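Observations on chain architecture
Chain residues, written in single-letter form:
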Amino acid sequence: MSVMVARKKVVRKWEKLPGRNTFCCDGRIMMARQKGIFYLTLFLILGTCALFFAFECRYLAVQLSPAIPVFAAVLFLFAMATLLRTSFSDPGVIPRALPDEAAFIEMEIEATNGTVPQGQRPPPRIKNFQINNQIVKLKYCYTCKIFRPPRASHCSICDNCVERFDHHCPWVGNCVGKRNYRYFYLFILSLSLLTIYIFTFNIVYVALKSLKIGFLNTLKETPGTYPSMSLTVLTVLEVLICFFTLWSVVGLTGFHTFLVALNQTTNEDIKGSWTGKNRVQNPYSHGNIVKNCCEVLCGPLPPSVLDRRGILQQEESTAQEGSCLRGPGTQEPPATQGPGQAQEGGMKQQDGSIPPPSAVPAPSVSDAEMPEEKQRTPGELPVPSPDAGRAEH
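Below you will find a few notes about this structure. Only a predicted model underlies this, so the values are computations on that prediction, with no experimental measurement involved. (Residues numbered from 1 in each chain as written. Predicted model: local features only at pLDDT ≥ 70, side-chain atom pairs only at ≥ 80, totals over all residues. Heavy atoms only, no water.)

1. With respect to the sheet that holds strand β8 (residues 153-155)
Counted only if it meets this: Pairs of strands are assigned from DSSP output, requiring at least two bridges between the strands. Helix and strand assignments come from DSSP, with helices taken as H or I runs of at least 4 residues and strands as E runs of at least 2, each series counted from the N terminus.
Spatial ordering of the open sheet is given by β4-β9-β8, a layout of three strands whose pairing is antiparallel. For this open sheet the edge positions go to β4 (93-94) and β8, each flanked by a neighbour on one side alone.

2. Notes on the nonpolar core
Here is the rule: As used here, the term nonpolar core means buried Ala, Val, Leu, Ile, Met, Phe, Trp, Tyr and Cys residues forming a set that is joined through side-chain atoms within 4.5 Å. Partly exposed describes any residue whose relative accessible area lies between the buried limit of under 20% and the exposed limit of over 50%, with all areas from a 1.4 Å probe on protein chains only and scaled to the type maximum. Only heavy atoms enter the contact rule, under which two residues are in contact if any of them lie within 4.5 Å.
Formed by 38 residues in total, the largest nonpolar core has its most connected members in Ile45, Leu83 and Phe187. Taken together, the elements giving at least two residues each to this core come down to β3 (29-32), α1 (36-63), α2 (67-87), α4 (181-213) and α6 (231-262). Here this core gets 13 residues from one element, more than from any other, and that element is α4. Setting aside residues up to four positions removed in sequence, Ile45 forms contacts with Phe76, Met80, Leu83, Phe187 and Leu191.

3. Some remarks on the packing of aromatic side chains
Applied cut-off: Aromatic pairs are defined between Phe, Tyr and Trp rings, using the six-membered ring for Trp, whenever the two ring centres lie within 6.5 Å; interplanar angles under 30 degrees are classed as stacked, those over 60 as edge-to-face, and all others as tilted. In this scheme, Lys NZ or Arg CZ marks a charge over a ring once it lies within 6 Å of the ring centre and within 35 degrees of the ring normal.
Summed over the entire model, instances satisfying the criterion amount to 13 aromatic pairs. Centre to centre, the rings of Tyr59 and Tyr205 are 5.4 Å apart; their planes meet at 90°, and the pair counts as edge-to-face. Taken together, the residues Tyr59 in helix α1 and Tyr205 in helix α4 connect sequence positions 146 residues apart. For Tyr59, a relative accessible area of 15% puts it in the buried group. A centroid spacing of 6.5 Å and a plane angle of 40° characterise the contact between Tyr181 and Phe184, whose relative ring orientation is tilted. One end of the pair, Tyr181, and the other, Phe184, are both in helix α4, three residues apart, so they sit about a helical turn from each other. We classify Tyr181 as buried; its relative accessible area is 2%. On the basis of relative accessible area, Phe184 is assigned to the buried category, the value being 1%. Members of the aromatic cluster, joined through ring pairs, are Phe38, Tyr39 and Phe88. Across the ring face of Tyr284, the terminal group of Arg151 is positioned such that the distance to the ring centre comes to 4.1 Å.

Here you go:
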(Lines give C-alpha, C1' and ligand atoms only; values in the text may rest on other atoms or scores of the structure.)
Protein backbone atom coordinates (compact mmCIF):
# COMPACT_ATOMS: atom_id res chain seq x y z
CA MET A 1 0.00 0.00 0.00
CA SER A 2 1.36 3.45 -0.94
CA VAL A 3 0.74 6.41 1.37
CA MET A 4 0.88 10.01 0.10
CA VAL A 5 2.56 12.26 2.65
CA ALA A 6 2.35 16.07 2.20
CA ARG A 7 5.52 17.85 3.20
CA LYS A 8 5.95 21.63 3.24
CA LYS A 9 9.06 23.07 1.62
CA VAL A 10 10.04 26.62 2.60
CA VAL A 11 10.98 28.75 -0.41
CA ARG A 12 12.13 32.36 -0.20
CA LYS A 13 10.60 34.91 -2.54
CA TRP A 14 13.97 35.93 -3.96
CA GLU A 15 14.27 32.45 -5.50
CA LYS A 16 11.18 33.10 -7.64
CA LEU A 17 11.78 36.74 -8.56
CA PRO A 18 12.00 37.42 -12.31
CA GLY A 19 14.70 39.55 -13.84
CA ARG A 20 18.41 39.02 -14.31
CA ASN A 21 19.81 39.46 -10.81
CA THR A 22 21.92 37.33 -8.53
CA PHE A 23 21.27 36.94 -4.81
CA CYS A 24 23.63 35.94 -2.02
CA CYS A 25 23.35 35.37 1.74
CA ASP A 26 19.78 34.08 1.47
CA GLY A 27 18.54 37.11 -0.46
CA ARG A 28 20.23 39.77 1.65
CA ILE A 29 22.62 40.75 -1.16
CA MET A 30 21.22 41.72 -4.56
CA MET A 31 23.43 42.44 -7.58
CA ALA A 32 23.41 42.29 -11.35
CA ARG A 33 24.69 39.15 -13.05
CA GLN A 34 27.51 40.99 -14.81
CA LYS A 35 30.01 41.49 -11.99
CA GLY A 36 33.37 41.33 -13.80
CA ILE A 37 33.93 45.10 -13.84
CA PHE A 38 32.88 45.31 -10.18
CA TYR A 39 35.71 42.95 -9.28
CA LEU A 40 38.07 45.16 -11.29
CA THR A 41 36.91 48.16 -9.25
CA LEU A 42 37.68 46.31 -6.02
CA PHE A 43 41.12 45.27 -7.32
CA LEU A 44 42.10 48.80 -8.33
CA ILE A 45 41.00 50.38 -5.04
CA LEU A 46 42.47 47.69 -2.81
CA GLY A 47 45.71 47.40 -4.79
CA THR A 48 46.42 51.13 -4.93
CA CYS A 49 45.66 51.66 -1.25
CA ALA A 50 47.69 48.61 -0.24
CA LEU A 51 50.78 49.97 -2.04
CA PHE A 52 50.27 53.41 -0.51
CA PHE A 53 49.91 52.09 3.05
CA ALA A 54 52.81 49.64 2.65
CA PHE A 55 55.45 52.08 1.37
CA GLU A 56 54.70 55.81 1.27
CA CYS A 57 52.58 56.04 4.44
CA ARG A 58 55.30 54.79 6.79
CA TYR A 59 57.82 57.34 5.56
CA LEU A 60 55.32 60.22 5.53
CA ALA A 61 54.07 59.40 9.03
CA VAL A 62 57.61 59.74 10.39
CA GLN A 63 58.73 62.73 8.34
CA LEU A 64 55.52 64.81 8.31
CA SER A 65 52.65 63.67 10.54
CA PRO A 66 51.07 60.42 11.79
CA ALA A 67 47.69 61.86 10.82
CA ILE A 68 48.42 61.19 7.14
CA PRO A 69 47.84 57.41 7.26
CA VAL A 70 44.92 57.87 9.67
CA PHE A 71 43.05 60.22 7.34
CA ALA A 72 43.83 57.97 4.38
CA ALA A 73 42.40 54.99 6.27
CA VAL A 74 39.21 56.90 7.06
CA LEU A 75 38.72 57.81 3.40
CA PHE A 76 39.45 54.24 2.32
CA LEU A 77 36.97 52.68 4.76
CA PHE A 78 34.26 55.19 3.87
CA ALA A 79 34.73 54.61 0.13
CA MET A 80 34.60 50.82 0.56
CA ALA A 81 31.52 51.00 2.79
CA THR A 82 29.56 53.15 0.33
CA LEU A 83 30.68 50.99 -2.60
CA LEU A 84 29.44 47.79 -0.97
CA ARG A 85 26.24 49.49 0.13
CA THR A 86 25.58 50.61 -3.45
CA SER A 87 26.45 47.25 -4.98
CA PHE A 88 24.64 44.95 -2.55
CA SER A 89 21.33 46.79 -2.11
CA ASP A 90 18.01 46.89 -3.92
CA PRO A 91 18.11 50.00 -6.14
CA GLY A 92 14.32 50.33 -6.05
CA VAL A 93 13.06 47.48 -8.22
CA ILE A 94 9.30 47.59 -8.83
CA PRO A 95 7.56 44.19 -8.63
CA ARG A 96 5.91 42.91 -11.77
CA ALA A 97 2.14 42.66 -11.98
CA LEU A 98 0.49 39.42 -10.94
CA PRO A 99 -1.54 37.60 -13.61
CA ASP A 100 -4.84 38.92 -12.21
CA GLU A 101 -3.49 42.47 -12.03
CA ALA A 102 -2.09 42.27 -15.56
CA ALA A 103 -5.44 40.99 -16.89
CA PHE A 104 -7.29 43.83 -15.14
CA ILE A 105 -4.91 46.43 -16.62
CA GLU A 106 -5.39 44.93 -20.09
CA MET A 107 -9.16 45.19 -19.66
CA GLU A 108 -8.83 48.85 -18.67
CA ILE A 109 -6.65 49.57 -21.69
CA GLU A 110 -9.04 47.84 -24.08
CA ALA A 111 -12.00 49.70 -22.59
CA THR A 112 -10.17 53.02 -22.97
CA ASN A 113 -8.76 52.53 -26.46
CA GLY A 114 -11.67 50.58 -27.88
CA THR A 115 -11.40 48.05 -30.66
CA VAL A 116 -8.48 48.71 -33.02
CA PRO A 117 -9.20 47.79 -36.66
CA GLN A 118 -7.02 45.09 -38.09
CA GLY A 119 -3.88 46.42 -39.74
CA GLN A 120 -3.83 49.64 -37.74
CA ARG A 121 -1.27 50.36 -35.06
CA PRO A 122 -2.75 50.49 -31.54
CA PRO A 123 -2.36 53.80 -29.70
CA PRO A 124 0.51 54.10 -27.19
CA ARG A 125 -0.28 52.99 -23.68
CA ILE A 126 0.19 56.18 -21.70
CA LYS A 127 -1.44 57.67 -18.63
CA ASN A 128 -1.29 61.33 -17.69
CA PHE A 129 -0.28 62.21 -14.16
CA GLN A 130 -0.14 65.70 -12.67
CA ILE A 131 2.85 66.78 -10.57
CA ASN A 132 3.19 70.39 -9.38
CA ASN A 133 0.55 71.56 -11.85
CA GLN A 134 2.40 69.90 -14.71
CA ILE A 135 1.35 66.85 -16.74
CA VAL A 136 3.77 63.92 -16.62
CA LYS A 137 3.25 60.86 -18.82
CA LEU A 138 3.33 57.39 -17.26
CA LYS A 139 4.46 54.79 -19.79
CA TYR A 140 3.32 51.17 -19.88
CA CYS A 141 5.98 48.47 -19.50
CA TYR A 142 5.21 45.45 -21.66
CA THR A 143 7.64 43.27 -19.69
CA CYS A 144 6.47 44.08 -16.16
CA LYS A 145 2.82 44.62 -17.24
CA ILE A 146 2.52 47.85 -15.25
CA PHE A 147 2.31 51.58 -15.78
CA ARG A 148 5.67 52.76 -14.52
CA PRO A 149 5.67 55.42 -11.76
CA PRO A 150 7.10 58.85 -12.54
CA ARG A 151 10.88 58.84 -13.22
CA ALA A 152 10.96 55.03 -13.35
CA SER A 153 12.48 53.17 -16.26
CA HIS A 154 13.15 49.60 -17.32
CA CYS A 155 16.79 48.47 -17.14
CA SER A 156 17.59 46.26 -20.12
CA ILE A 157 20.57 44.67 -18.34
CA CYS A 158 18.84 43.66 -15.10
CA ASP A 159 15.41 43.33 -16.81
CA ASN A 160 13.61 45.21 -14.05
CA CYS A 161 11.71 48.47 -13.71
CA VAL A 162 13.61 50.67 -11.24
CA GLU A 163 12.06 53.60 -9.40
CA ARG A 164 13.81 56.94 -10.07
CA PHE A 165 16.16 55.12 -12.42
CA ASP A 166 19.46 56.96 -12.88
CA HIS A 167 21.60 54.49 -14.84
CA HIS A 168 23.10 51.01 -14.74
CA CYS A 169 26.68 51.25 -13.47
CA PRO A 170 28.89 48.24 -14.32
CA TRP A 171 31.66 49.59 -12.04
CA VAL A 172 29.47 48.95 -8.99
CA GLY A 173 27.73 45.91 -10.49
CA ASN A 174 24.21 47.18 -9.94
CA CYS A 175 21.58 49.65 -11.09
CA VAL A 176 21.56 53.08 -9.51
CA GLY A 177 18.08 54.15 -8.47
CA LYS A 178 16.02 55.68 -5.74
CA ARG A 179 17.24 53.46 -2.90
CA ASN A 180 21.00 53.56 -3.53
CA TYR A 181 21.68 56.78 -5.43
CA ARG A 182 22.87 58.68 -2.35
CA TYR A 183 25.35 55.91 -1.54
CA PHE A 184 26.57 55.92 -5.13
CA TYR A 185 27.14 59.68 -4.98
CA LEU A 186 28.96 59.40 -1.63
CA PHE A 187 31.09 56.60 -3.08
CA ILE A 188 32.31 58.55 -6.09
CA LEU A 189 32.80 61.65 -3.91
CA SER A 190 34.91 59.80 -1.33
CA LEU A 191 36.80 57.92 -4.06
CA SER A 192 37.65 61.24 -5.71
CA LEU A 193 39.01 62.60 -2.43
CA LEU A 194 40.95 59.40 -1.79
CA THR A 195 42.46 59.48 -5.28
CA ILE A 196 43.51 63.12 -4.94
CA TYR A 197 44.92 62.38 -1.50
CA ILE A 198 47.06 59.43 -2.64
CA PHE A 199 48.17 61.20 -5.82
CA THR A 200 49.24 64.30 -3.88
CA PHE A 201 51.21 62.45 -1.21
CA ASN A 202 52.91 60.26 -3.78
CA ILE A 203 54.34 63.43 -5.28
CA VAL A 204 55.23 64.73 -1.79
CA TYR A 205 56.98 61.44 -1.02
CA VAL A 206 59.10 61.62 -4.18
CA ALA A 207 59.90 65.30 -3.50
CA LEU A 208 61.07 64.66 0.08
CA LYS A 209 63.20 61.73 -0.99
CA SER A 210 64.71 63.73 -3.82
CA LEU A 211 65.77 66.51 -1.44
CA LYS A 212 67.74 64.04 0.63
CA ILE A 213 69.30 61.62 -1.83
CA GLY A 214 68.52 63.14 -5.21
CA PHE A 215 65.84 62.36 -7.74
CA LEU A 216 67.75 59.67 -9.62
CA ASN A 217 68.73 57.87 -6.42
CA THR A 218 65.11 58.01 -5.30
CA LEU A 219 63.97 56.30 -8.48
CA LYS A 220 66.66 53.64 -8.08
CA GLU A 221 65.87 52.99 -4.43
CA THR A 222 64.43 49.56 -3.57
CA PRO A 223 62.28 48.77 -0.56
CA GLY A 224 63.97 46.69 2.09
CA THR A 225 61.34 44.02 2.18
CA TYR A 226 61.24 43.64 -1.62
CA PRO A 227 64.84 44.12 -2.86
CA SER A 228 64.05 42.87 -6.36
CA MET A 229 61.31 45.42 -6.90
CA SER A 230 62.29 48.95 -7.80
CA LEU A 231 60.50 51.73 -5.99
CA THR A 232 60.11 53.42 -9.35
CA VAL A 233 57.76 50.71 -10.56
CA LEU A 234 55.55 50.98 -7.47
CA THR A 235 55.42 54.76 -7.47
CA VAL A 236 54.78 55.05 -11.18
CA LEU A 237 52.05 52.40 -10.94
CA GLU A 238 50.27 54.30 -8.19
CA VAL A 239 50.64 57.62 -9.98
CA LEU A 240 49.26 56.21 -13.24
CA ILE A 241 46.24 54.65 -11.55
CA CYS A 242 45.49 57.83 -9.63
CA PHE A 243 46.02 60.00 -12.70
CA PHE A 244 43.53 58.16 -14.87
CA THR A 245 41.11 57.83 -11.95
CA LEU A 246 41.22 61.58 -11.46
CA TRP A 247 40.03 62.25 -14.98
CA SER A 248 37.15 59.78 -14.78
CA VAL A 249 35.96 59.72 -11.17
CA VAL A 250 36.44 63.39 -10.40
CA GLY A 251 34.68 64.32 -13.65
CA LEU A 252 31.85 61.91 -12.83
CA THR A 253 31.53 63.41 -9.36
CA GLY A 254 31.24 66.89 -10.81
CA PHE A 255 28.57 65.76 -13.28
CA HIS A 256 26.46 64.13 -10.56
CA THR A 257 26.89 67.16 -8.32
CA PHE A 258 25.35 69.18 -11.12
CA LEU A 259 22.46 66.69 -11.39
CA VAL A 260 21.85 66.68 -7.64
CA ALA A 261 21.73 70.48 -7.59
CA LEU A 262 19.01 70.40 -10.28
CA ASN A 263 17.25 67.29 -8.91
CA GLN A 264 17.67 65.43 -12.19
CA THR A 265 18.73 61.91 -13.11
CA THR A 266 21.25 60.76 -15.68
CA ASN A 267 18.45 59.14 -17.65
CA GLU A 268 16.49 62.40 -17.78
CA ASP A 269 19.58 64.38 -18.75
CA ILE A 270 20.47 62.01 -21.61
CA LYS A 271 16.92 62.02 -22.97
CA GLY A 272 16.62 65.77 -22.55
CA SER A 273 13.35 65.42 -20.67
CA TRP A 274 13.47 68.96 -19.23
CA THR A 275 15.83 70.69 -21.65
CA GLY A 276 14.51 69.56 -25.04
CA LYS A 277 12.61 71.40 -27.70
CA ASN A 278 9.51 71.64 -25.56
CA ARG A 279 11.39 73.51 -22.84
CA VAL A 280 9.31 71.80 -20.17
CA GLN A 281 10.19 72.84 -16.66
CA ASN A 282 11.43 70.15 -14.30
CA PRO A 283 8.46 69.49 -11.98
CA TYR A 284 10.67 67.79 -9.37
CA SER A 285 13.02 70.72 -8.84
CA HIS A 286 12.36 73.03 -5.89
CA GLY A 287 14.12 75.91 -7.60
CA ASN A 288 16.68 75.95 -4.79
CA ILE A 289 20.01 74.11 -4.80
CA VAL A 290 19.99 73.47 -1.05
CA LYS A 291 16.47 72.00 -1.10
CA ASN A 292 17.29 69.81 -4.06
CA CYS A 293 20.44 68.47 -2.40
CA CYS A 294 18.59 67.82 0.84
CA GLU A 295 15.84 65.90 -0.94
CA VAL A 296 18.21 63.72 -2.95
CA LEU A 297 20.88 63.08 -0.31
CA CYS A 298 19.12 63.56 3.02
CA GLY A 299 15.48 62.63 2.39
CA PRO A 300 13.86 59.53 3.93
CA LEU A 301 14.96 56.29 2.30
CA PRO A 302 11.94 54.27 1.12
CA PRO A 303 11.84 50.59 2.13
CA SER A 304 12.25 47.85 -0.43
CA VAL A 305 8.96 46.61 -1.88
CA LEU A 306 10.37 43.30 -3.11
CA ASP A 307 10.23 41.45 0.24
CA ARG A 308 13.13 39.32 -0.97
CA ARG A 309 13.30 37.18 2.15
CA GLY A 310 9.57 36.57 2.43
CA ILE A 311 8.50 32.94 2.64
CA LEU A 312 6.60 31.01 0.00
CA GLN A 313 5.38 27.62 1.23
CA GLN A 314 5.01 24.87 -1.32
CA GLU A 315 3.58 21.44 -0.57
CA GLU A 316 5.33 18.38 -1.92
CA SER A 317 3.56 15.01 -2.03
CA THR A 318 5.83 12.09 -1.26
CA ALA A 319 4.70 8.51 -1.92
CA GLN A 320 5.82 6.02 0.72
CA GLU A 321 5.49 2.27 0.05
CA GLY A 322 4.38 0.12 2.98
CA SER A 323 3.00 -3.38 3.48
CA CYS A 324 -0.03 -4.00 5.66
CA LEU A 325 -0.08 -7.42 7.32
CA ARG A 326 -3.61 -8.62 7.89
CA GLY A 327 -4.64 -11.04 10.61
CA PRO A 328 -7.57 -13.45 10.34
CA GLY A 329 -9.86 -10.94 11.98
CA THR A 330 -8.73 -7.72 10.20
CA GLN A 331 -10.94 -6.03 7.68
CA GLU A 332 -11.26 -2.91 5.62
CA PRO A 333 -12.91 0.06 7.37
CA PRO A 334 -16.62 0.21 6.65
CA ALA A 335 -17.72 2.58 3.92
CA THR A 336 -20.28 5.23 4.60
CA GLN A 337 -23.72 3.96 3.74
CA GLY A 338 -26.78 5.81 2.69
CA PRO A 339 -30.07 5.76 4.60
CA GLY A 340 -31.82 2.75 2.87
CA GLN A 341 -28.73 0.58 2.70
CA ALA A 342 -27.63 -2.23 4.96
CA GLN A 343 -24.63 -1.76 7.19
CA GLU A 344 -21.58 -3.74 6.25
CA GLY A 345 -20.88 -4.50 9.90
CA GLY A 346 -24.12 -6.47 10.12
CA MET A 347 -23.18 -8.65 7.12
CA LYS A 348 -20.38 -10.55 8.85
CA GLN A 349 -20.55 -14.26 8.97
CA GLN A 350 -20.31 -16.10 12.20
CA ASP A 351 -16.60 -16.93 11.70
CA GLY A 352 -15.79 -13.21 11.53
CA SER A 353 -15.02 -13.09 7.78
CA ILE A 354 -16.69 -10.83 5.25
CA PRO A 355 -19.30 -12.63 3.12
CA PRO A 356 -18.74 -12.87 -0.62
CA PRO A 357 -20.20 -10.14 -2.85
CA SER A 358 -23.03 -12.44 -3.97
CA ALA A 359 -24.24 -12.79 -0.39
CA VAL A 360 -24.50 -9.04 0.13
CA PRO A 361 -28.03 -7.83 -0.64
CA ALA A 362 -28.40 -4.95 -3.05
CA PRO A 363 -30.37 -1.86 -2.07
CA SER A 364 -34.08 -2.01 -2.77
CA VAL A 365 -35.56 -0.25 -5.77
CA SER A 366 -39.22 0.72 -6.00
CA ASP A 367 -41.34 0.12 -9.04
CA ALA A 368 -41.39 3.78 -9.80
CA GLU A 369 -37.62 3.87 -9.96
CA MET A 370 -37.31 0.78 -12.21
CA PRO A 371 -37.26 1.04 -16.00
CA GLU A 372 -40.52 0.44 -17.76
CA GLU A 373 -39.48 -2.92 -19.24
CA LYS A 374 -38.63 -4.22 -15.74
CA GLN A 375 -41.66 -2.99 -13.80
CA ARG A 376 -43.87 -5.72 -12.35
CA THR A 377 -47.26 -6.69 -13.72
CA PRO A 378 -50.27 -7.18 -11.44
CA GLY A 379 -49.88 -10.96 -11.64
CA GLU A 380 -46.37 -11.04 -10.23
CA LEU A 381 -45.35 -11.24 -6.60
CA PRO A 382 -45.58 -8.01 -4.66
CA VAL A 383 -42.43 -5.99 -4.03
CA PRO A 384 -41.46 -5.50 -0.39
CA SER A 385 -41.56 -2.02 1.04
CA PRO A 386 -38.33 0.03 0.69
CA ASP A 387 -38.37 0.64 4.45
CA ALA A 388 -37.79 -3.03 5.11
CA GLY A 389 -34.21 -2.65 3.93
CA ARG A 390 -34.37 -5.86 1.79
CA ALA A 391 -33.94 -6.41 -1.93
CA GLU A 392 -34.68 -9.18 -4.36
CA HIS A 393 -32.07 -11.87 -4.80
